[in-house]
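# Summary of structural features
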Amino acid sequence: VSINDHVVAALDTYRGRVFLYSNDGTLLLIFGGSGQFAGTFRTPSALECIGGNIYVLDPYKDSITRFVPTAYGQALMTASSLYQEGRYTESLELWQQVIRQNGNFETAYIGIGKALMGQEDYAGAMTYFRKGQDRASYSQAYKEYRKTSVQFLVAPVLIGIVAVLVVYGLY
């Protein structure tokens, strides 16, 4: 079920958990679970998103549980949405806010890395991909960094070679 244009919710009826994914398949959040306490389920059977809230039907408990995003969850979903829209600078600020609240959240480090890639800051992106343990994205950032570094060096190297050949030719 789509929460907004960029975040999708899925229900695991076996374990009673709700998963939130970005459109690119990145896992953002997991909440809920099996149990008798508030926010848990016995036999969840349906999930619906209305106005940013998530509702889960549990016929065994004869209840509908409403989940309202916390400030952390809202920042996370908004950061992901802004990135998907190509608004990298705005998403970067929110990903940094998410890291301030949860410094162990690898997805936020990867989000910062992707936002920096969108801004063509490949060296910075490599740093955050390393922190987020995303080897594939790190490799892509390294490739782009190396490509821009080589392009920067091509002109001086060619000028140096021509200068050496001219000097050699004169003597």
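Just so you know, these numbers come straight off a predicted model, no measurement behind them.

Taken in spatial order, the 3 strands make up an open sheet running S1-S2-S3, and their pairing is antiparallel. Because the sheet does not close on itself, it has two edges, and the strands there are strand S1 (7-12) and strand S3 (27-32). Sheet twist, expressed as the mean angle between neighbouring strand axes with direction ignored, is 20°. Bridge count between strand S2 (residues 17-22) and S3: 5 bridges; the pairing is antiparallel. Note that in S3 the partner of Phe19 across the bridge is Ile30.

The next point concerns the environment of Ala125. Along the chain, the position of Ala125 falls in helix H4 (residues 122-131). Put simply, Ala125 and Ala108 are 17 residues apart on the chain and 12 Å apart in space, counted from C-alpha to C-alpha. Discounting residues that sit within four places of it in the chain, Ala125 has contacts with Gly113, Leu116, Met117 and Ala141.

Looking now at the nonpolar core. Within the largest apolar cluster, 35 residues are counted, with the highest numbers of intra-cluster contacts made by Ile3, Leu20 and Ile54. Those residues in contact with Ile3, other than ones at most four positions away along the chain, are Val8, Ala9, Leu20, Cys49, Ile54 and Met77.

To continue, consider a nonpolar patch on the surface. Together, Val162, Val166, Val167, Leu170 and Tyr171 line one region of the surface with nonpolar side chains, adding up to about 610 Å² of accessible area. What makes Val166 partly exposed here is its relative accessible area of 46%.

Attention now goes to the sheet that holds strand S6 (residues 63-67). Spatially, the 3 strands line up as an open sheet ordered S4-S5-S6, and their pairing is antiparallel. The open sheet has two free edges, formed respectively by strand S4 (46-50) and S6, since each of these has just one partner strand. Within this sheet the neighbouring strands show an average axis-to-axis angle of 20°, counted without direction. Alignment of strand S5 (residues 53-58) against S6, held across 5 bridges, turns out to be antiparallel. By the bridge assignment, Asp58 is partnered in S6 with Ser63.

Scoring rules and cut-offs
Residues numbered from 1 in each chain as written. Predicted model: local features only at pLDDT ≥ 70, side-chain atom pairs only at ≥ 80, totals over all residues. Heavy atoms only, no water. Pairing = 2+ DSSP bridges. Helix = DSSP H or I, 4+ residues; strand = E, 2+ residues; numbered from the N terminus. Axes fitted to C-alpha atoms, helices over the stretch in contact; angles between N-to-C directions. Contact = heavy atoms within 4.5 Å. Core = buried A, V, L, I, M, F, W, Y, C linked by side-chain atoms within 4.5 Å. Buried < 20%, exposed > 50% of the residue type's maximum accessible area, 1.4 Å probe, protein only. Patch = residues over 30% accessible without salt bridge, like charges linked within 9 Å, V, L, I, M, F, W, Y side chains within 5 Å. Areas by Shrake-Rupley, 256 points an atom, 1.4 Å probe, with all protein chains shown as cover. Salt bridge = Lys/Arg side-chain N within 4 Å of Asp/Glu carboxyl O.

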